[in-house]
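# Working through the structure, step by step
Given next are the chains, with one letter for each unit.
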Amino acid sequence: MNQNIVTPSILPGFLELLPQDQMIFNRMLDVIRSTYERYGFIPLDTPVIEKSEILLAKSGGETEKQIYRFNKGDNDLSLRFDLTVPLARYVAQHYYELTFPFRRYHIGKVYRGESPQKGRFREFYQCDIDIIGNENLNIINEAEVLSIIYSTFKALGFDRFTMRINNRKVLNGFFEWLNVQNKADVLRVIDKIDKIGSEAVARELGSMGINSGVAQEILRFIKIKGKPEEMIEGLKEMNVDNELFKLGVEELEQVCSHIRYFGIPQENFALDLTIARGLDYYTGTVYETILNDYPSIGSVCSGGRYDSLASNYTEKKLPGVGISIGLSRLFYQLKEAGILKADTASTPTKLLIIPMKETMSNSLDIATKARQSGIPTEVYFNEGKMGKKFGYADKLGIPFAMVIGEDEVNTGMFRLKNMKTGEQETVNIDELISKIKGYSIENTSL
RNA sequence: GUGGUUAUAGCCCAGUUGGUUAGAGCGCCAGGUUGUGGCCCUGGAGGCCGUGGGUUCGAGUCCCACUAAUCACCCCA
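As the structure is a prediction and not an experimental result, all values here were calculated from the model. (Residues numbered from 1 in each chain as written. Chains lettered and ligands numbered in written order. Predicted model: local features only at pLDDT ≥ 70, side-chain atom pairs only at ≥ 80, totals over all residues. Heavy atoms only, no water.)

## Some thoughts on the sheet that holds strand S9 (residues 285–291)
The following threshold applies: Two strands make a pair as long as DSSP finds a minimum of two bridges between them. Elements are defined by DSSP. Helices are runs of H or I of four residues or more, strands are runs of E of two residues or more, and each kind is numbered from the N terminus.
Taken in spatial order, the eight strands line up as S1-S5-S6-S11-S10-S9-S7-S8 in an open sheet, and their pairing is mixed. The strands lining the two open edges of the sheet, one partner per strand, are strand S1 (42–43) and strand S8 (269–271).

Laid out in structure tokens, this is it:
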């Protein structure tokens, strides 16, 4: 027994995938990235490690508890816990070199040292977009964000999802009007109404010192349901005498009217007054997206409008709007729900070339040609039985394989085997390439 | 931080009121089949039954402690 062997394991809360899942995951990443770029968002990559003073500039309870913080020499360092704070630092730091509105996307891992749970990780991918204005930012951006979410989830292969929005000004104005002091606590409670029901919400409101008349008023308000136009009418009819509230209702109305120009179907969009995402920095529209068939997954894409992105790092006023897809969680939940495509390959390879001993150099030539034509190609180098070589292609899900022997080299004609059907076709090199490329185009999807 | 559940092969699991040498399926390796995979058949490797202690003639099984995993709450993507 070798005493030096360490049991291989990773820390809990860290997700790593087997090849087949990683292939799917990466395809989702690609879809998200290309959708973001189609809207003209600029890629950004920032360090995973930042100075602690940067990440903790805005001290807040949860953040400080969850952040991975450590020392190296005299440096006080931390792992980023989201992509928004690094964005704020970046924009403030490079303010004079950037062009506004600054539209950036950022796909990367973030770290939170909390106790791991189902679909909750200590290291996970976030796919963020944000639009940062200089001094001001037109509200139509808040409608465009919905268009981006819509396009992204469509491209990921979903049809039945609902983008729900609310407006924090409406909530805050309403609470001001009711003289509710601990707005943040109340928001947190009403955000849970779908989960725990209105009675429990009333109870919790009571236990935090809200008198029952006000609690009933709050419940009546968050129960306004219906089509967006009806809900906006309903909000107006409440005759809330508060400027912030009125402004919020107006913003909701504008966002709802703008989304028509983006071609978003009605069934994918809804107002929901119970959404109160993010406890502090959102100041306007807030977004949540749920998959209709899997409501228990919860929000798969969240975000909102904020007035001041980088107030901890600059005097400049930088309003913005952004959203984030928690891809690790989304992927995990989709896998749990059993709705990931089953018959996917474990490798990008489309063609496996099996050389005979004497045809190795010819085989490598053919592989080079195939690769130059854009076909991911592998050559099987190990010696052994034919069965094992084809078995390799089979196990990895490589769609095409062919043996290169002397006959093939002499005639320039190859027996291309379709691994799925078992059929073999005799083709020359050009036919071989177009055949595989045609197949790849047909079968590229999630 | 609070509470619950679980721990047996690489994976998912079975293992009777405590009883001899701990099992199946999947996966892996080899052979049946040396230029053709999947299906089938045959064989094989792989276990300090999480760790430590206790009860007992005897513990995978009962008790205690520890450790780890996991779920819920909190908060969040």
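On we go.
## Focus: the nonpolar core
Where we set the bar: Remark: nonpolar core denotes a set of buried residues (Ala, Val, Leu, Ile, Met, Phe, Trp, Tyr, Cys) joined through side-chain atoms within 4.5 Å. For each residue, the accessible area found with a 1.4 Å probe, counting protein chains only, is set against the maximum for its type, and the residue is called buried under 20%, exposed over 50%, and partly exposed in between. Contacts between residues were defined by any pair of non-hydrogen atoms, one from each residue, lying within 4.5 Å.
The biggest cluster of nonpolar side chains holds 78 residues, and the ones touching the most others in it are Phe153, Ile218, Phe221 and Leu330. Residues contacting Ile218, with those up to four places away along its chain left out, are Phe174, Phe175, Leu178, Val180, Val186, Ile190, Leu205 and Ile210. Core analysis: the next-biggest nonpolar cluster, separate from the first, contains 18 residues, Leu44, Tyr90, Tyr306 and Leu309 among them.

## Some words on unusual backbone geometry
Phe100 connects to Pro101 through a cis peptide bond whose omega is -5°. Here Pro101 lies in the loop between helix H4 (84–93) and strand S5 (102–111). In this structure, Asn179 takes a positive phi of about 65° despite not being glycine. Within the secondary structure layout, Asn179 lies in the loop between helix H6 (168–178) and helix H7 (183–190). The backbone of Asn239 sits at a positive phi, close to 50°, despite the residue not being glycine. Within the fold, Asn239 resides in the loop between helix H10 (228–237) and helix H11 (243–258).

## Some details on the sheet that holds strand S4 (residues 75–79)
Whether parallel or antiparallel, the strands of a sheet pair through hydrogen bonds between backbone atoms. Keep this limit in mind: The angle between two axes is taken between their N-to-C directions and runs from 0 to 180 degrees, where each axis is a line fitted to C-alpha atoms and a helix contributes only its stretch in contact.
Ordered by their spatial adjacency, three strands build an open sheet running S2-S4-S3, and the pairing between neighbours is antiparallel. Each edge of the open sheet carries a strand with a single partner, namely strand S2 (49–51) and strand S3 (69–72). Adjacent strand axes in the sheet meet at a mean angle of 40°, parallel and antiparallel pairs treated alike. As paired strands, S2 and S4 are joined by three bridges and run antiparallel to one another. Paired with Glu50 across the two strands is Ser78, which belongs to S4.

## So, the pattern of salt bridges
Side chains carrying opposite charge are able to pair once their charged atoms draw close together. Our working definition: Salt bridge criterion: a side-chain nitrogen from Lys or Arg within 4 Å of a carboxyl oxygen from Asp or Glu.
Applying the stated criterion across every chain, the model contains 17 salt bridges. With a shortest N-O distance of 2.7 Å, Lys154 and Asp159 are connected by a salt bridge. Of the charged contacts in the structure, one is a salt bridge between Asp241 and Lys246, with a shortest N-O distance of 3.9 Å. The class for Lys246 is partly exposed, based on a relative accessible area of 41%. Three or more residues are tied together by salt bridges with common partners; here these are Arg164, Asp272 and Glu288.

## Looking at the domain arrangement of chain A
As a reminder of what qualifies: Where each domain starts and ends follows an automatic or database-derived domain assignment.
Examined at the domain level, chain A breaks down into domain 1 (13–160 + 293–342), domain 2 (168–262) and domain 3 (351–442). The straight-line distance from the C-alpha centre of domain 1 to that of domain 3 is 41 Å.

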